[in-house]
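Descriptive structure summary
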Amino acid sequence: MRLAILISGQGSNMQALALACQRGQIDAQAIRVFSDRADATGLALAASLGCASEAIPAHDYPTRAAFEQALERSLVKFAPATIALAGFMRVLSGEFVARRLGQMVNIHPSLLPRHKGLHTHRKVLQAGDSQHGATVHFVTPELDGGPAILQARLAVAPQDDEAQLSARVQACEHIIYPRVVGWLSRDQLCLRDGMPELNGERMHQPLVEDF
Ligand code: GRF
């Protein structure tokens, strides 16, 4: 499998995926990291991991459509089978996503469908939720709304603040994301008729792992 990883920031999930490729948990023939920001610290991290990378700064383009065309050109050249969004902070258009249904996955820091969007750790604390976590899902045109594949669930502790929750959730993300991309790399997982199918079984619900 050829794996494209899209980042905007620090790239800790990108690192987890790259390390999983190195140890064979993900069966990837080639990896390439793409960033929509030239100053993403994840670009240096990718270099230190020996991953090829490319910045396509969104700010260099006058419109989202122009940026997506540039991203599209780079992706077509690399020809990935799978595109993993790993802290990629740009909303991709419905057309862009629809062309790649079943090919793109994302990791979101909440137990979807709860708390879509940003600031999920804050929302969990404000809502007084007793559980929190992260979700790996297929990307569809609905933001954070694609079919969920695997969730990491953890209990919110009374003393948790936003930073502590974020750190604990991220540690789980680094375990579940490589697992899902590993399934894709070995053709164990696909999206069929809008529903994930793992080892030939349709997944009516995401798998949930407690941490
Ligand atoms: C992660 O928490 C992920 O769930 C969210 O963005 C964050 C990215 O962190 N989509 P990193 O850049 O992978 O460290």
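Look up: the structure comes first, before these words.
The present account deals with the structure reproduced in this document.

Calculation rules
- Residues numbered from 1 in each chain as written.
- Predicted model: local features only at pLDDT ≥ 70, side-chain atom pairs only at ≥ 80, totals over all residues.
- Heavy atoms only, no water.
- Salt bridge = Lys/Arg side-chain N within 4 Å of Asp/Glu carboxyl O.
- Near = heavy atom within 4 Å.
- Polar contact = N/O pair within 3.5 Å; in protein donor to acceptor, adjacent residues only side chain to side chain.
- Areas by Shrake-Rupley, 256 points an atom, 1.4 Å probe, with all protein chains shown as cover.
- Helix = DSSP H or I, 4+ residues; strand = E, 2+ residues; numbered from the N terminus.
- Nonpolar A, V, L, I, M, F, W, Y, C, P; charged D, E, K, R; others polar.
- Domains from an automatic or database assignment.
- Contact = heavy atoms within 4.5 Å.
- Core = buried A, V, L, I, M, F, W, Y, C linked by side-chain atoms within 4.5 Å.
- Buried < 20%, exposed > 50% of the residue type's maximum accessible area, 1.4 Å probe, protein only.

The tally for this structure, following the rule as stated, stands at 12 salt bridges. A salt bridge links aspartate 39 to arginine 37; the nearest nitrogen and oxygen atoms lie 2.9 Å apart. A salt bridge links aspartate 160 to arginine 168; its shortest N-O distance comes to 2.5 Å. In this structure, a network of salt bridges that share partners links the residues Glu72, Arg99 and Arg100.

Attention now moves to the site of the ligand. Inspection of the region around the ligand gives Gln10, Gly11, Ser12, Asn13, Gly87, Ile107, His108, Pro109, Gln170 and Glu173 as its neighbouring residues. The backbone of asparagine 13 places a nitrogen or oxygen atom 2.8 Å from an oxygen atom of the ligand. Within the complex, 86% of the 370 Å² of free accessible area of the ligand lies under protein. For the shell around the ligand, the secondary-structure elements that each account for two or more residues are helix H1 (12-22), strand E5 (104-108) and helix H6 (162-185). The residue makeup of the shell around the ligand, split by class, is 2 nonpolar, 7 polar and 1 charged. Mapping the shell around the ligand onto the domain boundaries places at least three of its residues in each of domain 1 (1-100) and domain 2 (107-134 + 142-211).

Structurally, the position occupied by methionine 203 is in the loop between strand E10 (201-202) and strand E11 (207-210). Expressed as a C-alpha distance, the spacing of methionine 203 and alanine 30, which sit 173 residues apart in the sequence, is 29 Å. Setting aside residues up to four positions removed in sequence, methionine 203 forms contacts with Ile149, Leu189, Met195, Pro196 and Leu198.

Quick look at the nonpolar core now. Counting residues in hydrophobic clusters, the biggest one holds 42 residues, and the most contacted among them are Leu3, Ile5, Val105, Ile149, Tyr177, Val181 and Leu189. Contributions of two or more residues to this core are made by strand E1 (2-7), H1, strand E2 (30-35), helix H2 (41-48), E5, strand E6 (131-138), strand E7 (148-155) and H6. Tallying contributions element by element places H6 first for this core, with 9 residues. In terms of domain composition, this core takes at least three residues from each of domain 1 (1-100) and domain 2 (107-134 + 142-211). When near neighbours in sequence (up to four residues on either side) are disregarded, tyrosine 177 contacts Asn13, Leu17, Ala84, Leu85, Ala86, Val105, Asn106, Ile107 and Val136. Grouped together as the second largest cluster of nonpolar side chains are 19 residues, Leu6, Ile56, Ala58 and Val139 included.

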